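# Coordinates in review
Each chain, letter by letter, is given below.
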Amino acid sequence: MKDFKPNAWMLPQPVIIIGTYSADGTPNAMNAAWAGQWDMNKIMISMGAHATTENLKRCGDFTVTFATRDTMVAADYVGIVSAKKTPDKIARTGWSVVKAQNVQAPVFTDFPMTLECRILEKLDESETGCYIIAEIVNIVCHEKYLAEDGKPDMAKMKLIVYDPLRHGYNIVGERVGNAFSDGKELK
């Protein structure tokens, strides 16, 4: 085994796109990877100091969508370009935008599934960012990404994850087992 110094290598890291409105009502998006499920209907996001962070100070509503193989290039773009310097960055992505039905935030319809969220709490807020705990108010998913059981199908979405070791994106793989079931073999 080889030792490494502590690093941000929690794997896998989702590639999420956070959608907010700028002060003038322009849709904005940023790419983030340091996020996860907090509770049954809550998520947590580690936020730095971004235009999105400023937008969230004005309004605690936002959307979260998951980057895919098809949206990867534009998803990467919104992570490397700030709305502070490029206010029309969403127009440059070519994404279609509609207003979310349950929160004051944009939905980027080019993505398969979107979480409509509202901030419940900010932890360790400072000039450099904070941790956001948010409730999931609603989830919308395009019908073409639903499985036979009517729930979203991850395989159809072709979701990607961030590889912090090599600064790349990898596609989420195939199903290899059954949760809460396969382990029963060892009982």
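Look a little higher up for the structure.
Residues numbered from 1 in each chain as written. Predicted model: local features only at pLDDT ≥ 70, side-chain atom pairs only at ≥ 80, totals over all residues. Heavy atoms only, no water.

Turning our attention to the side chain of threonine 68. Relative to the assigned elements, threonine 68 resides in the loop between β6 (61-66) and α2 (72-80). In this structure, threonine 68 is in contact with Pro112, Met157, Lys158, Leu159 and Ile160, ignoring residues within four places of it in sequence. (Helix = DSSP H or I, 4+ residues; strand = E, 2+ residues; numbered from the N terminus. Contact = heavy atoms within 4.5 Å.)

With that out of the way, let us pick up the sheet that holds strand β4 (residues 35-39). Ordered in space as β3-β2-β6-β9-β10-β5-β4, the seven strands form an open sheet in which the pairing is antiparallel. Since the sheet does not close on itself, it has two edges, and those belong to β3 (27-32) and β4, each with one partner. The sheet shows a mean angle of 35° between the axes of neighbouring strands, direction not considered. Relative to β6, strand β2 (residues 16-21) runs antiparallel, the two sharing four bridges. Bridge pairing links isoleucine 16 to phenylalanine 66 in β6. The sheet contacts of α2 involve β2 and β3, and relative to β3 the element is tilted by about 95°. (Pairing = 2+ DSSP bridges. Axes fitted to C-alpha atoms, helices over the stretch in contact; angles between N-to-C directions.)

Bringing the packing of aromatic side chains into the picture now. Within the structure shown, the criterion is met by four aromatic pairs. With a centroid separation of 5.2 Å and 65° between ring planes, the pair formed by phenylalanine 4 and tryptophan 9 is classed as edge-to-face. According to the relative accessible area criterion, phenylalanine 4 is exposed, its value standing at 52%. By way of ring pairs, the aromatic residues Trp95, Phe108 and Phe111 are connected into one cluster. (Phe/Tyr/Trp six-rings, centres within 6.5 Å; stacked < 30°, edge-to-face > 60°. Buried < 20%, exposed > 50% of the residue type's maximum accessible area, 1.4 Å probe, protein only.)

As a further point, take the pattern of salt bridges. Following the criterion strictly, the structure yields five salt bridges and no others. Salt-bridge contacts for arginine 118 lead to aspartate 61; the nearest nitrogen and oxygen are separated by 2.8 Å. Note that arginine 118 is positioned in strand β9 (residues 113-126) and aspartate 61 in strand β6, a separation of 57 residues in sequence. Of the residues examined, arginine 118 reaches a relative accessible area of 31% and is grouped as partly exposed. A salt bridge links aspartate 88 to arginine 92, with the nearest nitrogen and oxygen atoms 3.2 Å apart. On the basis of relative accessible area, arginine 92 is assigned to the exposed category, the value being 57%. (Salt bridge = Lys/Arg side-chain N within 4 Å of Asp/Glu carboxyl O.)

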